[in-house]
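# Examining the three-dimensional arrangement
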Amino acid sequence: MRWVVGNWKMHTTPSEAKQLARQLWRLLKSACIGPEVGLRVVVCPPFTSLEAVRRVLARTRLEWGAQTCHEEVQGAYTGEISARMLSELGCTLVLVGHSERRRYAAETDERIAQKLFRVVEFGMHAVLCVGETWHERERGQTVTVLEQQLERGLAAVTQALWPQVLIAYEPVWAIGTGVTALPEQIAEAHTQIRQILHRLGAPESVPILYGGSVSAAAVSNIITQPEVHGVLVGGASLRSGEFNAIVRTVAAHRCS
Ligand code: PGA
């Protein structure tokens, strides 16, 4: 299975999201996508736009998901949104541990592990985002950082839950910077992640996506690297023409 996930971040009001979702489906209607053909395409709008996107994308082959959730099912957590709520809105996937959440919302690996568990408990796919900062890479700490984020973030995953888990390798220095990691850097990190996952008892089928300044121009060199099973797209997912081009490139390269 290949994956293209769009992270809209804090962009789009409900009416803008409705328009973007309509444009996307108009462009992608003729594309070969869907679980049965081995390519899943998911957009993650802000919480407030989920209902608008759901209305447009219901009964299409595009899916929708969320950018985070709270680790508890319900309770006195003012301003929070739970996995239970997202599942009723038809979300099929939730991002957890995005570097912007780690940085701006002070999410720890321990909380991220709890969030991930909730997402899969409610029947959705969880995308655990991991990746090193430029400073960590320069100091040769990339593998150590990946090891720690994976070991801790996946602590609650039991054997039966692996089919609902995805990993996104997102080097922090490549996110929103226009600097895509080099194909060989992506290949190296994804191979290391596969080895770590292996040690953690994960099956080979756990997909590893790349994220960080993915563009229509760069995607072909990314998707052909070993252990790359798809892409997590930020900025470019807000431009329907470019997102369409990314999806079609991944569709053309998909093998299983
Ligand atoms: P970007 O964002 O494509 O804009 O770099 C990727 C992400 O944050 O998931």
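Above this note sits the structure.
What counts, and where the lines are drawn
Residues numbered from 1 in each chain as written. Predicted model: local features only at pLDDT ≥ 70, side-chain atom pairs only at ≥ 80, totals over all residues. Heavy atoms only, no water. Helix = DSSP H or I, 4+ residues; strand = E, 2+ residues; numbered from the N terminus. Rg over C-alpha atoms; globule rule 2.2 N^0.38 Å. Buried < 20%, exposed > 50% of the residue type's maximum accessible area, 1.4 Å probe, protein only. Areas by Shrake-Rupley, 256 points an atom, 1.4 Å probe, with all protein chains shown as cover. Axes fitted to C-alpha atoms, helices over the stretch in contact; angles between N-to-C directions. Parallel < 35°, antiparallel > 145°, perpendicular 65-115°, else oblique. Left-handed = near helix turned anticlockwise from the far one by under 90°. Contact = heavy atoms within 4.5 Å. Nonpolar A, V, L, I, M, F, W, Y, C, P; charged D, E, K, R; others polar. Salt bridge = Lys/Arg side-chain N within 4 Å of Asp/Glu carboxyl O. Near = heavy atom within 4 Å. Polar contact = N/O pair within 3.5 Å; in protein donor to acceptor, adjacent residues only side chain to side chain. Expected span 1.5 Å × (residues − 1). Core = buried A, V, L, I, M, F, W, Y, C linked by side-chain atoms within 4.5 Å. Phe/Tyr/Trp six-rings, centres within 6.5 Å; stacked < 30°, edge-to-face > 60°.

## Remarks on the overall build of the protein chain
Scanning the protein chain from N- to C-terminus turns up 10 helices and eight strands. Taken over the C-alpha trace, the protein chain has a radius of gyration of 17 Å; the compact-globule value for 256 residues is 18 Å, and the two agree within 12%. Its C-alpha atoms put the protein chain at 45 × 45 × 35 Å along the principal axes. Sorting the 256 residues of the protein chain into buried and exposed places 55% on the buried side. Total accessible area computed for the protein chain in this model is approximately 11300 Å², and 51% of it derives from carbon and sulfur atoms.

## Overview of the packing of helix H1 (residues 14-28) against helix H10 (residues 240-253)
One can describe the packing of H1 onto H10 by two numbers: an axis separation of 9 Å at closest approach and a directional angle of 40 degrees. On the basis of their axis angle, the class for H1 and H10 is oblique. Pair H1 / H10 crosses with right-handed handedness. On the side of H1, the interface is formed by Leu 20, Gln 23, Leu 24, Leu 27 and Leu 28, while H10 contributes Ser 240, Gly 241, Phe 243, Asn 244, Val 247 and Arg 248. Its residues assigned to classes, the contact of H1 with H10 shows six nonpolar, four polar and one charged.

## As for the pattern of salt bridges
Pairing of side chains with opposite charge becomes possible as their charged atoms draw close. Under the counting rule described, the total for this entry stands at 16 salt bridges. The partner of Glu 71 in a salt bridge is Arg 111, and the shortest N-O contact between them spans 2.6 Å. Separated by 40 residues along the polypeptide, Glu 71 in the loop between strand E3 (63-66) and helix H3 (83-88) and Arg 111 in helix H5 (residues 109-121) bring together distant segments of the chain. Among the salt bridges present, the one from Glu 204 reaches Arg 194, with a minimum N-O distance of 4.0 Å. A residue pair is termed long-range when its members are at least 10 positions apart, and Glu 204 in the loop between helix H8 (183-199) and strand E7 (208-211) and Arg 194 in helix H8 qualify at 10 residues. Assessed through its relative accessible area of 7%, Arg 194 is described here as buried.

## Points about the site of the ligand
Taken together, 13 residues lie around the ligand, and Lys 9, His 98, Glu 170, Gly 176 and Ser 213 are the ones closest in. Backbone polar atom of Gly 176 to an oxygen atom of the ligand: 2.6 Å apart, as the coordinates give it. Take Ser 213: an N or O atom from its main chain is 2.7 Å from an oxygen atom of the ligand. Here the ligand, which alone exposes 280 Å², has 95% of that area covered by the protein. For the shell around the ligand, a count of residues per class yields four nonpolar, seven polar and two charged.

## What about H10?
Taking 1.5 Å of rise per residue, the 14 residues of H10 would be expected to cover 20 Å, and the 20 Å separating its terminal C-alpha atoms lies within 8% of that figure. Within H10 the residues assigned to the buried category are Ser 240, Glu 242, Phe 243, Asn 244, Ile 246, Val 247, Thr 249, Val 250 and Ala 251. Elements that come into contact with the buried residues of H10 comprise strand E1 (2-7), H1, strand E2 (39-44), helix H9 (219-223) and strand E8 (230-233).

## Remarks on the nonpolar core
One recurring pattern in soluble globular proteins: nonpolar side chains tend to sit buried together. Membership of the largest hydrophobic core comes to 69 residues, with the highest contact counts inside it found for Val 4, Leu 154 and Ile 167. Considering every element that reaches this core, the biggest residue donor is H1, with six residues. Leaving out residues up to four positions away in the same chain, Leu 154 has contacts with Leu 116, Leu 128, Trp 162, Val 165, Ile 167, Leu 197 and Leu 200. One finds Leu 93, Cys 129, Leu 166 and Leu 232 within the second-largest nonpolar core, a separate group that totals 12 residues.

## A short note on the packing of aromatic side chains
A complete count under the given rule lists two aromatic pairs for this structure. With 5.2 Å between their ring centres and 70 degrees between their planes, Trp 134 and Trp 173 make a pair best called edge-to-face. Highlighted residues: Trp 134 in helix H6 (residues 134-138) and Trp 173 in the loop between strand E6 (165-169) and H8, separated in sequence by 39 residues. Considering the side-chain rings of Tyr 169 and Tyr 210, the 6.3 Å spacing of their centres and the 55 degrees angle between planes classify their relative orientation as tilted. Of this pair, Tyr 169 sits in strand E6 while Tyr 210 is found in strand E7, placing the two residues 41 residues apart along the sequence. Residue classification places Tyr 169 among the buried residues on the basis of a relative accessible area of 0%. The class for Tyr 210 is buried, based on a relative accessible area of 0%.

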